[in-house]
Amino acid sequence: MFGGPHHGMGREVHKPREVGATLTRLFGYLKGYWLILLAVVAFIVIGTWAQVQSPVLIGQAVDCYLAPAVSGSYGGSSEVSGNCTYAVVASDATTSDLLAGFGRIILVITGLYVLGALSGALQFYLMRWAGVRVLMRLRIELFQHLNRLPLGFYSKHEAGDLMSRITNDMETIQQAISFALVDVASGALLMVWIAYNMLRLSAPYALLSMTVIPFMVVATLWFSGQARKAFRRSRVEIGRVNADLQETISGVREVQAFGREDENFEQFRQTNAANRDANIKAVSFTAALSPVLEALGYVAVAIVAVVGGLALLRGQPLFGAVVSLGLIITFINYVQRFNGPIQRIASLWANIQSAVAGAERIFGLMDEDVNITDKPDARPMPEIVGEVEFDEVSAAYVPGELVLQDVSFRAAPGQTVAIVGPTGAGKTTILNLIPRFYDVTAGVVRIDGHDVRDVEMAGLRRQIGIVLQDTFLFSDTVMNNIRFGRLEATDEEVSAAARLAHAHDFIERLPQGYETVLGERGAGLSQGQRQLLAIARAALADPRILILDEATSSVDTRTERLIQKALEELLRGRTSFVVAHRLSTIRNADLLLVLVDGRIVERGTHKELLAAGGAYYDLYMSQFVREESEALTSE
């Protein structure tokens, strides 16, 4: 599908709405760390086992050692319904024997707590280790995908929102992988293991203590569902905050020049307020869930304590089984431990919901079609000679709305082709089709007889140099900004390219010369100086085809004359395409194309078109005649 800088188009970014599918796709990035995951699972099992055993041992410590020591007699395990499984006590044990046994079992319980703590620490470290690597892999894949997306994609997506996805949304995923998922998994295993032990000790008593679980499940599902919707909205709003911030900082000169500080502040305040409201709504649901589950947990503890305590005080069996103080303590411990994971999962679920919302945005971006790609059988682009042919080319940014219609022309190797016409006529579109930034809707663009869609884009673009009106410079040294045209170039070659572009003198006047670090987008340089560096960068690349899109539009007349001399040398032997509004840039072109509403209405040389008295003549009289008079006067 065709896209362009003035007409956003294409399908919306796909956002998966199935949590399970999103998590499954996310887990796919952990496949390379299966040994780490096995170790984490082992530590989860060990830690859970330690937590499950300690309540049993506490109950046995009370029934089998402490209570007999206090009462002065040992009645045997039969009185506590087999609750002395791990306690070895002789029938004639003395009080000192019982206290010694109590001390030993306390040491065992302490060891279990230490084992559980160590297992938890190792789980945390290993998942953190894997999490940061998954985050790095995701970011690299997303960054690579962003670099492959066509330019039309960027015409309908804000840079700040894309940055938010690769930073904030990624961070929520890393937090979920490193902390939340492990805690949820260990909590779920702990609940299952506790439920099994409780049912084994006393199934009726266990079922009684679990009567609140259905209410917990219903509350968790409802609150988490609402939180997920709110977190989706929150991720969108934080993207808008970043987009507004990036745009305001990049356009701070315009903001101050037009006195728009107060209006920008108000707009940013409203965007932040929307983000705040979305976060408050999300946090409200997650915050409300924890006390609801905690209250239900207290109800479960009360049921266990009251029912068991009444049976113990009355000396009556509970559901046909003998009740002991240790058994009640064991069940209270189990219920508390059972409720703990539920509450922890509920609180961590907020992190998971936020991570799922972030993953939806990231995977939606990664699912965006890269609709301009090499064919499976694409051939390497041979060394370009320079013949360029447009054969009945049509192009559309939006289906059915043609920007170019049946454009045909041929540029011979070494020729300079100038393209003129009113704004929106399709001049820049022609330039974008040559390096295949966009694909044609109909017709063929050929270079040296090769359809540009049949060759590898990397080899094609490497042999094409581009200088745009809106020059982009990186926050790096002047040397590296020029060397961007050919990374293996020596310092001497960079200096030679700067001299060719008449940029060497002003570079030498900079504080550190070629090693001066530029601000964002070349801040600190004039527009003309930035364009001189862009021309030097193109000269260093030594391309066979050169594209100049308003390359001299922002320089003064004196600087332009210097650049024209440099361009004459630069263009020699190269096929060049020039879009310009200044007459001096185009009057010496070998072929001049006049575009109106996406069609070529005239073609020829400057003199031929003036003599024809058609569209170019009218354009010349309205736009160029004054410039020519000024040029003649200055000469």
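Parameters and conventions
- Residues numbered from 1 in each chain as written.
- Predicted model: local features only at pLDDT ≥ 70, side-chain atom pairs only at ≥ 80, totals over all residues.
- Heavy atoms only, no water.
- Helix = DSSP H or I, 4+ residues; strand = E, 2+ residues; numbered from the N terminus.
- Contact = heavy atoms within 4.5 Å.
- Axes fitted to C-alpha atoms, helices over the stretch in contact; angles between N-to-C directions.
- Parallel < 35°, antiparallel > 145°, perpendicular 65-115°, else oblique.
- Left-handed = near helix turned anticlockwise from the far one by under 90°.
- Nonpolar A, V, L, I, M, F, W, Y, C, P; charged D, E, K, R; others polar.
- Pairing = 2+ DSSP bridges.
- Phe/Tyr/Trp six-rings, centres within 6.5 Å; stacked < 30°, edge-to-face > 60°.
- Buried < 20%, exposed > 50% of the residue type's maximum accessible area, 1.4 Å probe, protein only.
- Arc of directions from axis to C-beta.

Asker: Tell me about the environment of Ile 166, and please be specific about residues and values.
Answerer: Structurally, Ile 166 can be placed in helix α5 (residues 159–201). Considered as a pair, Ile 166 and Ile 140 are 26 residues apart in the sequence and their alpha carbons are 9.4 Å apart. Apart from residues no more than four positions distant in its own chain, Ile 166 is found in contact with Arg 139, Leu 142, Phe 143 and Leu 146.

Asker: So what about the packing of helix α14 (residues 491–500) against helix α16 (residues 527–541)? Which residues, and what values?
Answerer: The angle between the axes and the distance between the axes are what describe a pair of packed helices. As a packed pair, α14 and α16 sit with axes 8 Å apart at the nearest point and diverge in direction by 125°. By the angle between their directions, the pair α14 and α16 is classed as oblique. Crossing of α14 over α16 shows right-handed handedness. Facing α14, whose interface residues are Glu 493, Val 494, Ala 497, Ala 498 and Leu 500, α16 presents Ala 536, Ala 539 and Leu 540. Taken together, the residues of the contact of α14 with α16 sort by class into seven nonpolar, no polar and one charged.

Asker: Before we move on, can you summarise the sheet that holds strand β5 (residues 450–451) with the specific residues and values?
Answerer: Strand order in this open sheet of four strands is β2-β1-β4-β5, and the pairing throughout is antiparallel. Every interior strand has two partners, whereas the edge strands, β2 (401–411) and β5, have only one.

Asker: Provide a residue-level description of the pairing of strand β4 (residues 442–447), including the pertinent values.
Answerer: With five bridges connecting them, strand β1 (residues 388–398) and β4 associate as antiparallel partners. Note that in β4 the partner of Glu 389 across the bridge is Arg 446. Taken together, the two bridges between β4 and β5 define a ladder with antiparallel strand orientation. Following the sheet pairing, Arg 446 is matched in β5 by Asp 451.

Asker: I'd like to hear about the packing of aromatic side chains, residue by residue, with values.
Answerer: According to the stated counting rule, one finds six aromatic pairs in the structure shown. Relative to Trp 129, the ring of Tyr 33 lies with its centre 5.9 Å away and its plane at 90°, an arrangement referred to as edge-to-face. Placement of the pair is Tyr 33 in the loop between α1 (19–27) and α2 (34–71) and Trp 129 in helix α3 (residues 95–148), with a sequence separation of 96 residues. Tyr 33 sits in the buried class, given a relative accessible area of 19%. We classify Trp 129 as partly exposed; its relative accessible area is 31%.

Asker: Could you give an account of α14, naming the residues involved and the relevant values?
Answerer: Among the residues making up α14, those that are buried are Val 494, Ser 495, Ala 497 and Ala 498. One side of α14 holds all its buried residues, which, seen down the axis, span an arc of 160°. In the core, the buried residues of α14 are packed alongside α13 (478–483), α15 (504–508) and α16. His 502, located one to two residues past α14, shows a positive phi value of around 60°.

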